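# Structural description and commentary
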Amino acid sequence: MLRVRDDDAMAFEELVQRYQNRLVSVMEHLVRRREQAEDLAQEVFLRVYRARKNYEPQAKFSTWLFTIANNVARNTKRSLARRREVNVGNENRDTESAPALEQMALAASGLMPARQLDKTERAEMVRLAIESLNERQRMALMLAKFENMSYVEIAETMEMSVQATKSLLCRARENLRELLQPYMQDGESPSGNSG
Amino acid sequence: MSDEHDTTLDEQLVAYLDGELPPDERSDFEDRLSNDSTLRKRLRQHQRAWDLLDSLPRTNVDDAFARSTVEMVALSAAEEIQQAEQATSRSSKIVWWITAEVLVVAALLGFLIVRVAVSGPNRQLAKDLPILEELDAYRFGEDIEFLRALEREGLFNVESEDDL
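These lines cover the structure that appears in this document, whether it is placed above or below. (Residues numbered from 1 in each chain as written. Chains lettered and ligands numbered in written order. Predicted model: local features only at pLDDT ≥ 70, side-chain atom pairs only at ≥ 80, totals over all residues. Heavy atoms only, no water.)

### Examining the interface of chain A and chain B
Contacts between the two partners involve 48 residues from chain A and, on the opposite side, 36 residues from chain B. Interface area, chain A with chain B, both sides summed: about 4,200 Å², of which 62% is carbon and sulfur. Looking at the side of chain A facing chain B, the largest losses of area belong to Gln-42, Lys-145 and Arg-173 of chain A, adding up to 18% of the total buried there. Counting every contact that joins chain A to chain B gives three salt bridges. Note that Arg-173 of chain A is salt-bridged to Asp-18 of chain B, the shortest N-O span being 2.4 Å. Where chain A meets chain B, there are 16 residue pairs in polar contact (both at pLDDT 80 or more). (Contact = heavy atoms within 4.5 Å. Buried area = accessible area lost by both parts, 1.4 Å probe. Salt bridge = Lys/Arg side-chain N within 4 Å of Asp/Glu carboxyl O. Polar contact = N/O pair within 3.5 Å; in protein donor to acceptor, adjacent residues only side chain to side chain.)

### Some words on the pattern of salt bridges
Per the counting criterion, the structure on display carries 14 salt bridges over all chains. The shortest N-O distance in the salt bridge between Glu-43 of chain A and Arg-47 of chain A comes to 3.0 Å. Here Arg-47 of chain A and Glu-43 of chain A lie together in helix H3 (residues 34-50), a separation of four residues that amounts to about one turn. The residue Arg-127 of chain A makes a salt bridge to Glu-124 of chain A at a minimum N-O spacing of 2.5 Å. One end of the pair is Arg-127 of chain A and the other is Glu-124 of chain A, both in helix H6 (residues 119-132) and three residues apart, which spans about a single turn. Given a relative accessible area of 31%, Glu-124 of chain A falls into the partly exposed group. Salt bridges linked by common partners bring Glu-174 and Arg-177 of chain A together with Asp-10 and Arg-42 of chain B together as one network. (Helix = DSSP H or I, 4+ residues; strand = E, 2+ residues; numbered from the N terminus. Buried < 20%, exposed > 50% of the residue type's maximum accessible area, 1.4 Å probe, protein only.)

### Considerations on the environment of Ser-161 of chain A
For Ser-161 of chain A, the location among the structural elements is in the loop between helix H8 (151-157) and helix H9 (162-180). For the pair Ser-161 of chain A and Tyr-151 of chain A, spaced 10 residues apart in the sequence, the C-alpha separation amounts to 9.2 Å.

### Here's the deal with the packing of aromatic side chains
Counted under the stated rule, the structure contains six aromatic pairs over all chains. For the pair Phe-45 of chain A and Phe-65 of chain B, a centre-to-centre distance of 6.4 Å together with 65° between the ring planes defines the contact as edge-to-face. With one member in each of two chains, Phe-45 of chain A in helix H3 and Phe-65 of chain B in helix H4 (residues 63-119) form a pair that bridges those chains. Among the aromatic side chains, those forming a connected cluster through ring pairs are Tyr-19, Phe-61 and Trp-64 of chain A. In this structure, Arg-52 of chain A packs its charged tip against the face of Tyr-49 of chain A, placed 3.9 Å from the ring centre. The lysine or arginine in question, Arg-173 of chain A, covers the ring of Trp-50 of chain B, its NZ or CZ lying 3.9 Å from the ring centre. (Phe/Tyr/Trp six-rings, centres within 6.5 Å; stacked < 30°, edge-to-face > 60°. Lys NZ or Arg CZ within 6 Å of the ring centre and 35° of its normal.)

In short, shape yes, function no, at least from these values alone.
As structure tokens, then:
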């Protein structure tokens, strides 16, 4: 990042390549659509470039990157919510989350065939469970799980206190446990191994 | 009370799994864990749910993503440079015009000052006043030596004597 700050174009490309998958992955879980996640990830990289002169080497780059990502995702959600309010007569507010919750409920009620879920089905169940969490819980969960961030780093990224982060992660993990409970028999995952 | 207790315990449990529990709380929690089968079961469920997240497919964006991102940033940088150049050009023009205006105003002021100072109609009169005051006396003078002799006699110092 220091080379990017010094206007090294090659370094910027390297930086994009290094973080693109991680960033798009987090964005995809936040906004749910791949194309939009990629657009937002590009917006994040653009902001990183524009703000390169303000980068402080003391700050961990990934923390800085995901702070920007969090702000971009939050702003997008706000814009979408405003647009949805304008078009309230044309669409249902819960159309995005309803199918996910419905499918989870259906699965939990035992209507799904009692068999081992294959890898794709398991991934889909997990994806639906994550989508059922609220945006902040999802973000905290992604940063903890896939970015291996500490509570302090998550707090910094999401601009909140460490105690609030601790509570947020606790609620996120508790909700996740409850949502995935139907697929774990007495603590065992449906496939019979813990992954 | 019970809810608050459960929340604290849940937070401890999650922090324990995340390796974020302070050492003193950690050993107390482990003691409790060894004596509480319900808590152990809950911990296992949390851990399994956490591990299930690994079944999510890894995101892999194609090469076009990095390329188009760099192009987008390059375009943005070019626009920034263009805007900066336009701003510089605008400010240079403004500076040029201000300088030109200041020079014109300075030249006009200088001209007026010189004009007033050099060609003022009363300036010469004021300069010639001592001679005009003694013009009658000068008319009677036959030569310069005679006038100097009168000056030595104090004939031209009437005002000075009055002052004294």
